[in-house]
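Spelled out from the first residue to the last, the chains are:
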Amino acid sequence: MSTALLTDLTIFILALLVGIEVIGKVPATLHTPLMSATNAIHGIVLVGAVLIGVTAHNAVGYVIAFIASVFAAANVVGGYVVTGRMLKMFRRKSPPAPGQVEGQPELAAANGHKGLKGLVNRMSRTES
Amino acid sequence: MSGFNGYIQLVYVLVAAMFVMGLHLMNSPATARRGNQVAQAGMVIAVVATLILLIHSGTVTATGWVVIIVGSLLGSAVGLWAARTVQMTAMPQLVSAFNAVGGGAAALVAVYGYYEAESRVTGVLGTTSVFTVLDVLIGSVTFSGSIIAAGKLQGVIPGQPIIFKGARLVNLGLAVVAIGTAAYMFSTPSLPALLIVVLASLAFGVMMVLPIGGADMPVVISLLNAFTGTAVAMAGFVIQNWALIVAGALVGASGSILTKLMADAMNRSLANIILGGFGTGDSAIAVEAAGDAQVRSIAADDAAIQLAYASKVIIVPGYGLAAAQAQHGVAELATILEDRGIEVSYAIHPVAGRMPGHMNVLLAEANVPYPQLKEMDEINPEFARADVALVIGANDVTNPAARRPGNDISGMPILDVDQAKSIIVVKRSMGTGYAGMENELYFDPKTSMFFADAKKAMAQLTAAVKTLVG
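Predicted, not measured: the structure shown is a model, and the values here were computed from it.

(A) Focus on the overall build of chain B. For chain B, the count of helices and strands is 16 helices and six strands. Split into buried and exposed, the 470 residues of chain B put 54% on the buried side. Taking as baseline every contact in chain B between residues at least 6 positions apart, the subset at least 24 positions apart corresponds to 80%.

Rendered as structure tokens:
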């Protein structure tokens with residue numbers, strides 16, 4: 001068994017263990033975004049797809065490189081964008097109902113609790 | 001490893017670390033977005049490093065560049081479009097589609113590696129072949145299996161199990177052909193043999209997912225996710241790239257954990273699900289109620305009174321809620337109750353939806369704040385303090401029969417809805433869930449049945465509560 005292979009295997013096993021440890025802590029609430037984020041992460045295969053280009057010098061190579069690039073790029077970009085879209089929806093407080101947006105400072109001031117709530121909402125919206 | 005490649009590998013190590021950190025930040029909704037951004041930044045770095053490697057190698061032909069760049073841009077555009085336009089209810093299909101392309105790309109990397117090594121006449125290294133074969137096997141199964149899963153979820157392919165006589169024999173045959181041919185390749189490297197492995201694996205993937213019912217999809221998607229990760233890790237071995245190995249291992253671990261969680265939540269073994277033929281499609285098959293059973297039905301006004309004068313309400317959503325597109329209606333009702341000072345929370349069973357955590361996303365989309373979304377273990381002790389448990393479109397996961405031995409769902413973890421002081425069940429008919437058995441909860445004297453479509457029911461309840469409290 002070559003050293004290179006042994007190194008690769010070591011990395012694989014350790015990464016598996018790290019993965020189990022890290023992902024075991026993700027709450028069920030986030031399991032869908034988690035799966036979609038890991039989905040994007042396996043899009044790293046794009047690196048492999050692009051590297052085909054180094055030795056591809058005929059039609060077979062080009063066709064395989066093309067299909068693999070399309071697949072992997074769709075995987076990466078789509079995965080990250082949709083994960084971001086989902087995570088943006090997770091808010092600690094519900095946003096103000098449509099219609100009472102921003103323009104009612106006097107209402108917020110009249111009630112300290114609501115005012116704070118409004119502030120938090122505004123903050124979380126600017127964040128997103 | 002030459003000096004330059006060594007530096008690039010170092011960059012890949014950094015990328016791998018960023019993936020781990022990104023996933024670590026996913027352990028709380030407050031930091032999850034940052035986690036996704038960290039992983040995304042890692043991906044950008046990996047791609048840039050790879051492009052530098054390509055330029056440095058100096059062997060990429062003009063056509064090669066065009067192929068790679070056009071391919072990547074085209075793929076990115078498709079991915080972007082899909083991610084921007086997808087409905088949250090259709091998330092499982094999209095995740096499945098990404099599993100398919102990821103697995104497919106991983107398989108192609110190995111196929112090309114093999115083709116290239118053969119054409120160089122230097123022969124194929126023994127170790128390369130093991131990983132090549134595993135990559136091609138797993139990647140191909142994932143590709144076709146995920147397409148079928150996505151088709152079922154989208155309703156293009158019927159959701160109910162598709163079983164025909166001798167299907168298992170065909171599966172066995174395909175497995176023997178794929179593995180046998182793979183074994184032959186170790187003694188005699190041959191490209192046609194690899195293509196046979198590809199075809200047999202593709203067919204096996206189709207045959208594996210076809211007999212699995214719609215309600216088992218959370219397990220199937222998780223499993224295919226784990227497969228994709230493993231295929232990508234194998235591709236990492238083939239091209240000796242640490243970023244792929246680490247990323248693939250992380251995804252493999254994640255998919256495996258979720259697969260186990262989902263299977264446990266349904267109280268079924270993985271083998272049982274894969275061998276399949278149990279889960280039906282959607283759980284709305286109307287069956288006549290048992291003759292002597294007594295159920296109490298309730299009108300919207302009475303249900304509204306119960307809700308409006310409660311001090312604690314727990315909402316129990318199931319897939320029926322999503323199927324009826326009633327999540328916004330539920331959120332609206334909950335907001336009105338909260339404005340009255342009523343404590344509202346949601347009890348989310350792990351398999352409420354078509355993929356792990358699906359229901360949380362659907363409710364988050366309807367602007368339900370995430371602190372209200374409670375996991376099963378967290379919410380179960382709270383049912384005893386709840387004045388009303390409002391069950392919408394959930395069935396088997398609320399059936400107290402699961403606590404007794406000797407039936408189909410014995411031992412399945414359930415939500416302790418029957419502990420609540422009163423229970424309102426919103427349901428279209430007395431139909432059974434996908435386990436096909438009566439829900440004892442419906443015959444509990446504390447339970448009232450509100451027979452209506454979930455979306456209409458929410459509108460009626462909201463209107464009734466509004467008129468009641470002015």
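That shown, we press on.
(B) Quick peek at the environment of B:Pro445. Among the secondary structure elements, B:Pro445 is positioned in the loop between β5 (422–427) and β6 (447–451). Placed 23 residues apart in sequence, B:Pro445 and B:Ser422 show a C-alpha to C-alpha distance of 8.9 Å.

(C) Examining the domain arrangement of chain B more closely. Residue and element names in this part refer to chain B. For chain B, the domain assignment lists domain 1 (3–275) and domain 2 (300–469). Taking only C-alpha atoms, the centre of domain 1 and the centre of domain 2 are 37 Å apart. In this assembly, 18 residues from domain 1 lie in contact with 18 residues from domain 2.

(D) Up close: the sheet that holds strand β3 (residues 373–375) of chain B. Residues and elements named next belong to chain B. The strand order across the open sheet built from six strands is β3-β2-β1-β4-β5-β6, with neighbouring strands paired in parallel fashion. Unpaired on one side and paired on the other, β3 and β6 mark the two borders of the sheet. The sheet shows a mean angle of 25 degrees between the axes of neighbouring strands, direction not considered. Sheet topology note: the strand β4 (residues 388–392)/β5 ladder contains five bridges and is parallel. Bridge assignment links Val388 to a residue of β5, and that residue is Ser422. Most of the contacts of helix α13 (residues 327–339) go to strand β1 (residues 312–317), to which it runs at about 175 degrees, and overall it touches β1, β2 (343–348) and β4. The sheet strands contacting helix α14 (residues 358–365) are β1, β2 and β3, and the helix crosses β2 at an angle near 145 degrees.

(E) Main features of helix α7 (residues 191–209) of chain B. Compared with the 27 Å implied by 1.5 Å per residue over 19 residues, the 28 Å span of α7(B) between its first and last C-alpha is a close match. Within α7(B), burial applies to B:Leu194, B:Val197, B:Val198, B:Ala200, B:Ser201, B:Leu202, B:Phe204, B:Gly205, B:Met207, B:Met208 and B:Val209.

(F) The nonpolar core, seen in detail. Formed by 209 residues in total, the largest nonpolar core has its most connected members in A:Val45 and B:Val109. Once you skip the residues sitting within four places of it in the chain, A:Val45 turns out to touch A:Ala72, B:Gly102, B:Ala105, B:Ala106, B:Val109, B:Val232, B:Ala235 and B:Leu244.

(G) Broad picture of the pairing of β2(B). Residues and elements named next belong to chain B. Where β1 meets β2, four bridges bridge the pair, whose relative direction is parallel. Bridge assignment links Val313 to a residue of β2, and that residue is Val344. In the sheet, β2 pairs with β3 via three bridges, with the strands oriented parallel. What sits directly across from Ala347, in β3, is Lys374. Regarding the hand of the β-α-β motif, the stretch spanning β2, α14 and β3 is right-handed.

(H) Geometry of the interface of chain B and chain A. Each partner contributes residues to the interface: chain B has 96 residues there, and chain A has 81 residues. When residues of the side of chain B that touches chain A are traced back to their parent elements, those giving at least two are α1 (3–25), α2 (32–57), α3 (62–85), α4 (91–119), α8 (217–238), α9 (242–265), α14 and β3 of chain B. With 16 residues, α4(B) is the single largest residue contributor to the side of chain B that touches chain A. Of the residues belonging to the side of chain B that touches chain A, the class tally is 59 nonpolar, 32 polar and five charged.

(I) Geometry of the pairing of β4(B). Residue and element names in this part refer to chain B. Counted residue by residue, β4 has five buried out of five residues, so it is predominantly covered. Side chains Val388, Leu390 and Ile392 of β4 all project onto a buried face; the interleaved residues Ala389 and Val391 project onto the opposite face, where all are buried too. Sheet analysis places β1 next to β4, joined by five bridges and oriented parallel. Paired with Ile314 across the strands is Ala389, a residue of β4.

(J) The arrangement of α3(B) in detail. Along its 24 residues, α3(B) runs 35 Å from first to last C-alpha, staying within 8% of the 34 Å computed at 1.5 Å per residue. B:Gly64, B:Val67, B:Ile68, B:Gly71, B:Ser72, B:Gly75, B:Ser76, B:Gly79, B:Ala82 and B:Ala83 are the residues of α3(B) that are buried.

(K) Expanded view of unusual backbone geometry. Residue and element names in this part refer to chain B. At Asn267, a position not held by glycine, the phi torsion is positive, near 60 degrees. The topology assignment puts Asn267 in the loop between α9 and α10 (270–275). One non-glycine residue, Gln325, lies in positive phi territory at about 55 degrees. Structurally, Gln325 is set in the loop between α12 (319–323) and α13. Look at Gln325 and you get partly exposed, because 14 C-beta atoms sit within 10 Å.

(L) Up close: the packing of α4(B) against α7(B). Residue and element names in this part refer to chain B. Two elements in contact, α4 and α7, have axes whose closest approach is 10 Å; the angle formed by their N-to-C orientations is 170 degrees. On the basis of the axis angle, α4 is roughly antiparallel to α7. Contacts between α4 and α7 involve Val111, Tyr114, Tyr115 and Glu118 on the former and, on the latter, Leu191, Leu194 and Val198.

Calculation criteria
Residues numbered from 1 in each chain as written. Chains lettered and ligands numbered in written order. Predicted model: local features only at pLDDT ≥ 70, side-chain atom pairs only at ≥ 80, totals over all residues. Helix = DSSP H or I, 4+ residues; strand = E, 2+ residues; numbered from the N terminus. Buried ≥ 20, exposed ≤ 12 C-beta atoms within 10 Å, placed from the backbone. Contact = placed C-beta atoms within 7 Å. Domains from an automatic or database assignment. Pairing = 2+ DSSP bridges. Axes fitted to C-alpha atoms, helices over the stretch in contact; angles between N-to-C directions. Expected span 1.5 Å × (residues − 1). Core = buried A, V, L, I, M, F, W, Y, C linked by C-beta atoms within 7 Å. Right-handed = clockwise from strand over helix to strand, strands pointing away. Nonpolar A, V, L, I, M, F, W, Y, C, P; charged D, E, K, R; others polar. Parallel < 35°, antiparallel > 145°, perpendicular 65-115°, else oblique.

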